[in-house]
Amino acid sequence: MDTSKKMAAGITGFASFLWLTLTAAVAANQRRLVFNPCITPEVESPRSTGHRTRPIVLRAKDGTRLCGWLLTPLVPGPRPAVMYFGGRSEEVSWVARDAGKLFPGMTVLAMNYRGYGQSHGAPAEIHMIEDGCTLFDWLAALGQVDAARIAVVGRSLGSGVAVQVAKERPVHSVVLITPYDSILAIAKRRFRVMPIEYMLRHRFESIKYAPSLKAPTYILRAHEDDVVPHSHTDQLVQKLARLVGDDTVPGSDHMNIPYLEATQALIASFLTRQFAKPAAAPQLPVADSAAPVQAEVGKEVGPKPDSTPALALPAVLPPTLAADATMGAIAK
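Source: prediction; values computed, not measured.

S.K.: Go over the overall build of the protein, please, and point to the residues and values.
M.R.: Scanning the protein for helices and strands turns up 9 helices and 9 strands. Every one of the 332 residues in the protein was classed for burial, and the buried ones make up 51%. A total of about 14500 Å² of accessible surface is found on the protein, and carbon and sulfur atoms cover 57% of it.

S.K.: Tell me about helix 8 (residues 230-237), and name the residues and values.
M.R.: Among the residues of helix 8, those classed as buried are His232, Thr233, Leu236 and Val237. All buried residues of helix 8 lie within an arc of 140° about the axis, which places them on one face of the element.

S.K.: Tell me what's going on with the packing of aromatic side chains, and back it up with residues and numbers.
M.R.: Two aromatic rings are characterised by how far apart their centres lie and by the angle between their planes. Applying the stated criterion across every chain yields a total of 5 aromatic pairs. Each ring, one from Tyr84 and one from Trp94, has its centre 5.8 Å from the other, and the planes form 85°; the classification is edge-to-face. Note that Tyr84 is positioned in strand 3 (residues 79-85) and Trp94 in helix 3 (residues 93-102), a separation of 10 residues in sequence. One exposure class covers both Tyr84 and Trp94, and it is buried. Among the aromatic residues, those joined into a ring-pair cluster are Tyr84, Trp94 and Tyr259.

S.K.: Account for the pairing of strand 1 (residues 51-59), with residues named and values stated.
M.R.: Among the 9 residues of strand 1, 7 are classified as buried, and the element is accordingly described as predominantly covered. Judged from the 9 bridges that link them, strand 1 and strand 2 (residues 65-73) form a sheet pairing that is antiparallel. Among the inter-strand pairings, Arg59 is bridged to a residue of strand 2, identified as Arg65. Between strand 1 and strand 2, which pair antiparallel one after the other, the connecting turn spans 5 residues, and Gly63 there sits at a positive phi close to 90°.

S.K.: I'd like to hear about unusual backbone geometry, residue by residue, with values.
M.R.: In the Ramachandran plot, Ser45 falls in the positive-phi region, its phi being about 50° despite a non-glycine side chain. Here Ser45 lies in the loop between helix 2 (30-34) and strand 1. Using a relative accessible area of 64% as the deciding quantity, one classes Ser45 as exposed. Positive phi values are uncommon outside glycine, yet Ser156 reaches one of about 50°. Tracing the backbone through its elements, the reader meets Ser156 in the loop between strand 5 (145-155) and helix 5 (157-168). Note on Ser156: relative accessible area 0%, which makes it buried.

S.K.: Could you give an account of the packing of helix 3 against helix 9 (residues 261-275), naming the residues involved and the relevant values?
M.R.: At their nearest, the axes of helix 3 and helix 9 sit 9 Å apart, and the two run at 65° to each other. For the pair helix 3 and helix 9, the contacting residues are Trp94, Asp98, Lys101 and Leu102 in the first and Glu261, Gln264, Ile267 and Ala268 in the second. Split by residue class, the contact of helix 3 with helix 9 holds 4 nonpolar, 1 polar and 3 charged.

S.K.: So, the confidence of the model for the protein: which residues are in play, and what are the values?
M.R.: When pLDDT is averaged along the protein, the result is 80, and 71% of the positions lie at 70 or above. This model gives residues 286-292 a pLDDT under 50, and the stretch forms 15 contacts once residues within four places in sequence are excluded. In this model, residues 301-332 is a region of pLDDT below 50 whose contacts with residues beyond four sequence positions or in other chains number 120 contacts.

S.K.: Talk me through the side chain of Ser206; I want residue IDs and the actual numbers.
M.R.: In this fold, Ser206 is placed in helix 7 (residues 206-209). A relative accessible area of 1% places Ser206 in the buried class. Excluding anything up to four places from it in sequence, Ser206 contacts Ser159, Gly160, Val163, Tyr180, Asp181, Ser182 and Leu236.

S.K.: Can you explain the nonpolar core? Please cite residues and give values.
M.R.: By size, the foremost hydrophobic cluster in this structure holds 52 residues, and its most contacted members are Leu139, Val152 and Phe204. In terms of residue count, helix 4 (residues 125-140) provides more of this core than any other element does, 8 residues in total. Beyond its immediate stretch of four places on either side in the chain, Val152 contacts Met83, Phe85, Ala162, Val165, Ala166, Val171, Ser173, Val174 and Val175. Grouped together as the second largest cluster of nonpolar side chains are 28 residues, Val95, Phe103, Val249 and Phe275 included.

S.K.: Can you explain the packing of helix 4 against helix 5? Please cite residues and give values.
M.R.: Between helix 4 and helix 5, whose axes approach to 9 Å, the crossing angle comes to 50°. By the angle class used here, helix 4 and helix 5 are oblique. Considering only the axes of helix 4 and helix 5, their crossing is right-handed. Residues Glu125, Met128, Ile129, Gly132 and Cys133 of helix 4 lie in contact with helix 5, whose contacting residues are Leu157, Gly160, Val161, Gln164, Val165 and Glu168. The residue inventory of the contact of helix 4 with helix 5, partitioned by class, reads 6 nonpolar, 3 polar and 2 charged.

S.K.: Run through helix 3, naming residues and quoting values.
M.R.: In terms of burial, helix 3 is a largely internal element, 7 of the 10 residues being buried. Along helix 3, the positions that sit buried rather than exposed are Ser93, Trp94, Val95, Ala96, Asp98, Ala99 and Leu102. Of the surrounding secondary structure, the elements contacted by the buried residues of helix 3 are strand 1, strand 2, strand 3, strand 4 (107-111) and helix 9.

S.K.: Outline the environment of Leu266, supporting the account with residue identities and numerical values.
M.R.: Looking at the element boundaries, Leu266 is found in helix 9. Between the C-alpha atoms of Leu266 and Tyr218, which are 48 residues apart in sequence, the distance is 9.8 Å. Excluding residues within four positions of it along the chain, Leu266 makes contact with Tyr218, Leu220, Asp247 and Val249.

Basis of the calculations
Residues numbered from 1 in each chain as written. Predicted model: local features only at pLDDT ≥ 70, side-chain atom pairs only at ≥ 80, totals over all residues. Heavy atoms only, no water. Helix = DSSP H or I, 4+ residues; strand = E, 2+ residues; numbered from the N terminus. Buried < 20%, exposed > 50% of the residue type's maximum accessible area, 1.4 Å probe, protein only. Areas by Shrake-Rupley, 256 points an atom, 1.4 Å probe, with all protein chains shown as cover. Arc of directions from axis to C-beta. Phe/Tyr/Trp six-rings, centres within 6.5 Å; stacked < 30°, edge-to-face > 60°. Pairing = 2+ DSSP bridges. Axes fitted to C-alpha atoms, helices over the stretch in contact; angles between N-to-C directions. Contact = heavy atoms within 4.5 Å. Nonpolar A, V, L, I, M, F, W, Y, C, P; charged D, E, K, R; others polar. pLDDT = per-residue confidence, 0-100. Core = buried A, V, L, I, M, F, W, Y, C linked by side-chain atoms within 4.5 Å. Parallel < 35°, antiparallel > 145°, perpendicular 65-115°, else oblique. Left-handed = near helix turned anticlockwise from the far one by under 90°.

So, in structure tokens, the structure goes:
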């Protein structure tokens, strides 16, 4: 073999080795690629000006602690409710702080994913969806919640959680902030030379579930988004069964969009209009009586509460939560 052929063979061999090395590295670090758990609270001791604010701990059947906040309106009686699902790097205490503007007159459940904030465990798509469905069941059973009017709001990574929960449960309305077609599609865009479809376990393929969503869905895009390109949102929008709005927030980017007054006003207006419409009676799933969710409610923060006992929270029985999968980071 002459020198040029040997050099070509050597270069090809090195390139193949490098490709295999990079592929193995991506496969081994999937969890960090998809998830970026934020443990530090974004807001210390958050308090909503329009709600009674309570820190809350829910324990799944496997004993995993899920920590977050339950916010109840000052006006008594069954109220519409909202579940919030955060982004890849998001700790959700800020929702408890801003709930008065975002979700006026609505009960709010904002829980950190496994591994985020004070929640235990490790994040994985299967757990996020199963936990989301369990939390929906628990929220729907609360006496102060109108179970026929529960909305889900998901930001970025959390939009994929919201879509799948809305597919599995009788959700009233859906708000998706900087949503994508699938994490798999974004990963393939970023790792073009790798067989990412054979490696990625946490795919969050919202585009597969979009046609089956029965709830009216509202899309909010960032004006400048370098994490979820608008083309990926376009693909999702084309598949949504009940798209009722698709707005771009001026002056927003992928990171600041949920905190802007314009964004919060748009969400509050959409949900208020939707909740004002007549709602059909919900068909709640039958729970497994062997596995109650245990609730621990912390000391209330904010306005003086009514006579409702702080611990009078009914338990709903969740499905078994599967053991941890694998993976890690692509959308924020």
